[in-house]
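# A closer look at the structure
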Amino acid sequence: MSLPAVPSAAPRDGTVRPDATSGPPSLWRPARGRLHSWDISTGVDGPGTRFVAFLAGCPLRCLYCQNPDTWHMRDGTATTAEQVIGQVRSFVTFVRTTGGGMTVSGGEPLLQPEFTRALFTGAKELGLHTALDTSGALGARAGDDLLDVTDLVLLDIKSWDPARYHHLTGAELGPTLDFAHRLADRGTPVWVRYVLVPGLTDDLADIDGIAGFAAGLGNVERVDVLPFHRLGAAKYDRLGIPFALRDTPPPDAALVARVRDRFIDAGVTAY
């Protein structure tokens with residue numbers, strides 16, 4: 001039975017080459033999941049140039065989410081790890097020369113932990129660095145076998161205040177912090193991500209809480225302060241979903257610099 005082609009990311013279209021899935025049989029290859037799209041990025045989703053697989057489905061409903069088209073499992077295309085890694089193989093030489101690798105993002109990849117593990121296993125067979133981009137809300141679903149093939153976790157800590165975190169996401173903060181402690185205990189490198197939204201996530205006491213937490217873990221290599229933008233508004237319009245932050249401006253350069261300095265003052269590298 002033929003399998004569906006791996007979907008590609010807009011605006012970059014990709015096709016699976018006929019010989020892309022050649023190679024010795026491995027147990028991870030038949031693992032199935034739902035893939036929303038893929039893309040090639042540099043300097044955003046981990047070190048070097050990355051093949052980024054965006055999986056479908058997310059349990060959070062972040063007010064500033066730019067990808068509401070990834071919220072549901074039905075938003076993705078059923079595929080296999082073999083097909084996705086076949087596409088990765090098409091870029092492997094280019095990715096390797098930049099010191100890059102493969103990132104699995106979403107949605108929320110830990111909604112599909114076995115599929116994520118299979119993708120990373122295939123990537124490791126190609127000699128690639130692996131990065132997991134997650135909110136940590138489903139960190140308990142990441143088994144040791146998955147973390148054993150994960151070189152880096154991009155951990156999105158959205159707020160230090162539990163009430164504000166719930167307001168932002170509809171979920172609880174505790175599981176993300178528990179996951180962060182588990183990664184620290186394992187010695188897994190982490191890049192913390194913090195989305196800066198004026199009037200929503202710019203409270204300096206909140207930022208200081210995350211900064212102190214990150215500095216104390218011992219495995220946080222850097223913090224990326226990500227300025228909020230409204231580029232996803234058109235997706236909300238297309239889906240008929242209200243965008244709560246439609247009138248919220250992006251942070252100005254002075255605010256971004258001030259927030260980065262709070263992380264640096266706490267003893268962590270920030271960008």
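In this text, all values refer to a predicted model and were calculated from it rather than measured experimentally. Note on numbering: residues in each chain are counted from 1, in written sequence order. Only residues with pLDDT of at least 70 are given local features in this predicted model, and only at 80 or more are side-chain atom pairs given and counted; all residues enter the totals for whole chains, interfaces and linings. Water and hydrogen atoms were dropped before computing side-chain values, which therefore reflect all heavy atoms in the structure.

### Topic: the overall build of the chain
To keep it simple, the criterion reads: Numbering of helices and strands runs from the N terminus, with a helix taken as a DSSP run of H or I at least four residues long and a strand as a DSSP run of E at least two residues long. For this analysis, residues touch if any pair of their heavy atoms sits within 4.5 Å. The convention is simple: Lys and Arg are positive, Asp and Glu are negative, and His and the chain ends are not counted. Lysine's charge is taken at NZ, arginine's at CZ, aspartate's at CG and glutamate's at CD.
Across its full length, the chain holds nine helices and eight strands. Taking all contacts inside the chain whose residues are at least 6 apart in sequence as the whole, residues at least 24 apart take part in 74%. Here the chain carries 26 positive and 31 negative side-chain charges, and the mean point of each set is 6 Å from the other.

### So, the sheet that holds strand β2 (residues 49–55)
The following threshold applies: Strands pair, by our definition, only if DSSP identifies at least two bridges between them. Simply put, an axis is a line fit to the C-alpha atoms, just over the touching stretch for a helix, and the angle between two N-to-C directions goes from 0 to 180 degrees.
Overall, mixed pairing links the eight strands, which are arranged β3-β1-β2-β4-β5-β6-β7-β8 in an open sheet. The sheet is open, and its two edges are formed by β3 (77–80) and β8 (220–227), each paired on a single side. On average, each strand axis in the sheet is tilted by 30° relative to the strand beside it, whichever way the strands run. Relative to β3, strand β1 (residues 32–42) runs antiparallel, the two being bridged by four bridges. Residue pairing across strands places Arg32 opposite Thr80, the latter belonging to β3. Docked against the sheet, helix α9 (residues 253–265) engages β7 (190–196) and β8, running at close to 160° with respect to β8.

### Quick word on the nonpolar core
Worth spelling out the cut-off: In plain words, nonpolar cores are sets of buried Ala, Val, Leu, Ile, Met, Phe, Trp, Tyr and Cys residues tied together by side-chain atoms within 4.5 Å. Relative accessible area decides the class of each residue, using a 1.4 Å probe on protein chains only: under 20% of the type maximum gives buried, over 50% gives exposed, and in between gives partly exposed.
Core analysis: the largest hydrophobic core is formed by 75 residues, its most contacted members being Phe51, Tyr64, Met102, Leu119, Phe179, Val192 and Phe263. The leading source of residues in this core is helix α7 (residues 204–217), at six residues. In contact with Met102, other than residues within four places in its own chain, are Arg50, Phe51, Ala53, Val84, Ile85, Val88, Leu119, Phe120, Ala123, His129, Thr130 and Ala131.

### Looking at the environment of Ala137
Counting through the fold element by element, Ala137 comes out in the loop between β5 (129–134) and α4 (144–147). Separated by 18 residues in sequence, Ala137 and Leu155 have C-alpha atoms that sit 9.9 Å apart. Leaving out residues up to four positions away in the same chain, Ala137 has contacts with Leu60, Pro175 and Thr176.

### Regarding helix α5 (residues 162–169)
Given 3.6 residues per helical turn, the α-helix brings residues three or four places apart onto the same face. Worth spelling out the cut-off: The arc under discussion is defined with respect to the helix axis, by the directions toward the C-beta atoms.
Among the residues of α5, those classed as buried are Tyr165, Leu168 and Thr169. In a view along the axis of α5, the buried residues occupy a sector of 75°, so they form one face of it. Opposite the buried face of α5, at more than 90 degrees from it, the exposed residues are Ala163 and His167. Residues of α5 that are buried sit in contact with α6 (174–186). After α5 finishes, the residue Gly170 shows a positive phi value of roughly 80°.

### Quick word on the packing of aromatic side chains
Working definition: an aromatic ring pair is given by the centre-to-centre distance plus the angle between the planes. What counts, and what does not: Each pair of aromatic rings taken from Phe, Tyr and Trp, with Trp reduced to its six-membered ring, is defined by centres within 6.5 Å and is described as stacked if the planes are under 30 degrees apart, edge-to-face if over 60, and tilted in the remaining cases.
Scanning the entire structure with this criterion turns up seven aromatic pairs. A ring pair is formed by Trp160 and Phe213, whose centres lie 5.2 Å apart and whose planes are at 40°; its orientation type is tilted. One end of the pair, Trp160, is in the loop between β6 (152–156) and α5; the other, Phe213, is in helix α7, and 53 residues separate them in sequence. With a relative accessible area of 11%, Phe213 lands in the buried category. Aromatic pair Tyr236 and Phe243: ring centres 4.5 Å apart, planes at 20°, arrangement stacked.

### So, the side chain of Gln112
The line we're drawing: Each polar contact in these results corresponds to two N or O atoms within 3.5 Å; when the atoms are within protein, one needs to be able to donate a hydrogen and the other to accept it, and residues that are neighboring in sequence are counted only if both atoms are side-chain atoms.
With respect to the helices, strands and loops of the structure, Gln112 is situated in the loop between β4 (101–105) and α3 (113–125). Within the local environment of Gln112, its side chain forms a polar contact with the backbone nitrogen of Arg34, the two atoms lying 2.8 Å apart. Not counting chain neighbours up to four residues away, the residues in contact with Gln112 comprise Gly33, Arg34, Leu55, Ala56 and Met73.

### Side note on the environment of Ala81
Along the chain, Ala81 falls in helix α1 (residues 81–89). The exposure class of Ala81 is buried, given its relative accessible area of 0%. Linking Ala81 and Leu60, residues 21 residues apart in sequence, is a C-alpha distance of 25 Å. In this structure Ala81 touches Trp28, Arg29, Ala31, Phe115, Ala118 and Leu119, once residues within four positions along its chain are discounted.

### Describing unusual backbone geometry
Look at the link from Gly106 to Gly107: it is a cis peptide, with omega at 15°. Checked against the element boundaries, Gly107 lands in the loop between β4 and α3.

### A closer look at the side chain of Thr176
One can find Thr176 in helix α6. Leaving out residues up to four positions away in the same chain, Thr176 has contacts with Ser135, Gly136, Ala137, Leu155, Asp156, Ile157 and Tyr165.

### Some details on the pairing of β4
In plain terms, the rule: A clockwise course of the path from the first strand over the helix to the second, judged with the strands pointing away from the viewer, identifies a crossover as right-handed.
Among the five residues of β4, five are classified as buried, and the element is accordingly described as predominantly covered. Of the pairings in the sheet, the one linking β2 to β4 comprises five bridges and is parallel in character. Bridge pairing links Arg50 to Gly101 in β4. In terms of strand pairing, β4 meets β5 through four bridges, oriented parallel. Directly across from Gly101, in β5, lies its bridge partner His129. In the classification by handedness, the crossover that spans β4, the intervening α3 and the parallel β5 is right-handed.

Keep in mind these numbers describe shape, not what the thing actually does.
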